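# Structural description and commentary
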Amino acid sequence: IGGNYLNHEIPGGIFRNQPNLLVLYMDDNVIGSLNPQWIQNQTQLLTFVIDFNQIEDIPAGFFANANAIVTVSFWANNLKTLNRNIFGDLQNLQVMDMDNNVINAVDRRIIDDAVNLFILYFWNNQCASGTFFDFVTNRVQHNERLATCYRNFEFIVGEFLWHCIIDKLALDRKTLV
């Protein structure tokens, strides 16, 4: 359904009657957000391409049931952070295309768990830029090049936890008074 200038109002169950869907191209639209129901039961899905849209965030669990996924492409969107909780099993993931986003933080567990990741396209992002070929063999070198992305993610998580602790202490303090 690529190239149709569809917006984020695509019905959640649009692909529910296609359980053997292998490839899904939703590129070149004006999709601003992802609906987890689009691929909720797509256990056979191998390729998901949603390039040239306006996506800022991938919801937690979006790829949770897409354990067969080999290729994920979000080229030219507005992604800022890549969190591990967007994926389920990453054993089959071989290609991630995240070129031309504004990514400033990456959860290292994505890379660590994607043991068969071969190539990461990451040009024109904020925390790193480049194409990381043969990730299986060159994992140590590539992780060094992505170190800023990992540190930024740890900082964001740390800040979030710190604010949760402060909020909890404030709530406890009000309860005691």
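Below: a short report on this structure. (Residues numbered from 1 in each chain as written. Predicted model: local features only at pLDDT ≥ 70, side-chain atom pairs only at ≥ 80, totals over all residues. Heavy atoms only, no water.)

## Digging into the overall build of the protein chain
Assigned secondary structure in the protein chain consists of three helices and eight strands. Along the chain direction, N to C, the helices and strands of the protein chain fall in the order β-β-β-β-β-β-α-β-β-α-α. Contacts in the protein chain between residues at least 24 apart in sequence constitute 50% of all its contacts with a sequence separation of at least 6. When the accessible surface of the protein chain is split by element, carbon and sulfur atoms take 54% of a total near 9500 Å². (Helix = DSSP H or I, 4+ residues; strand = E, 2+ residues; numbered from the N terminus. Contact = heavy atoms within 4.5 Å. Areas by Shrake-Rupley, 256 points an atom, 1.4 Å probe, with all protein chains shown as cover.)

## Overview of the nonpolar core
Ranked by size, the top nonpolar core spans 43 residues in total, and within it Trp38, Phe48, Phe63, Phe74, Leu82 and Phe122 carry the most contacts. Listed by contribution, the elements that provide at least two residues to this core are helix 1 (108–113) and helix 3 (147–176). (Core = buried A, V, L, I, M, F, W, Y, C linked by side-chain atoms within 4.5 Å. Buried < 20%, exposed > 50% of the residue type's maximum accessible area, 1.4 Å probe, protein only.)

## Things to note about a nonpolar patch on the surface
A cluster of nonpolar side chains, namely Leu22, Val23, Tyr25 and Leu46, defines an oily patch on the protein surface of about 340 Å² accessible area. Here Val23 is to be found in strand 1 (residues 23–25). (Patch = residues over 30% accessible without salt bridge, like charges linked within 9 Å, V, L, I, M, F, W, Y side chains within 5 Å. Salt bridge = Lys/Arg side-chain N within 4 Å of Asp/Glu carboxyl O.)

## Overview of the pattern of salt bridges
Under the criterion given, the structure shown has four salt bridges. Here Arg108 and Asp112 are joined by a salt bridge, their closest N and O atoms 3.3 Å apart. Of this pair, Arg108 and Asp112 are both found in helix 1, four residues apart, which corresponds to roughly one turn of the helix. You can call Arg108 partly exposed: its relative accessible area is 36%.

## A closer look at the sheet that holds strand 5 (residues 95–97)
Ordered in space as 1-2-3-5-7-8, the six strands form an open sheet in which the pairing is mixed. Strand pairing shows two members of the sheet lacking a second neighbour, strand 1 and strand 8 (131–132), which therefore form its edges. Sheet topology places strand 1 next to strand 2 (residues 47–49); three bridges connect them, and they run parallel. Opposite Val23, over in strand 2, you have Thr47 as the bridge partner. (Pairing = 2+ DSSP bridges.)

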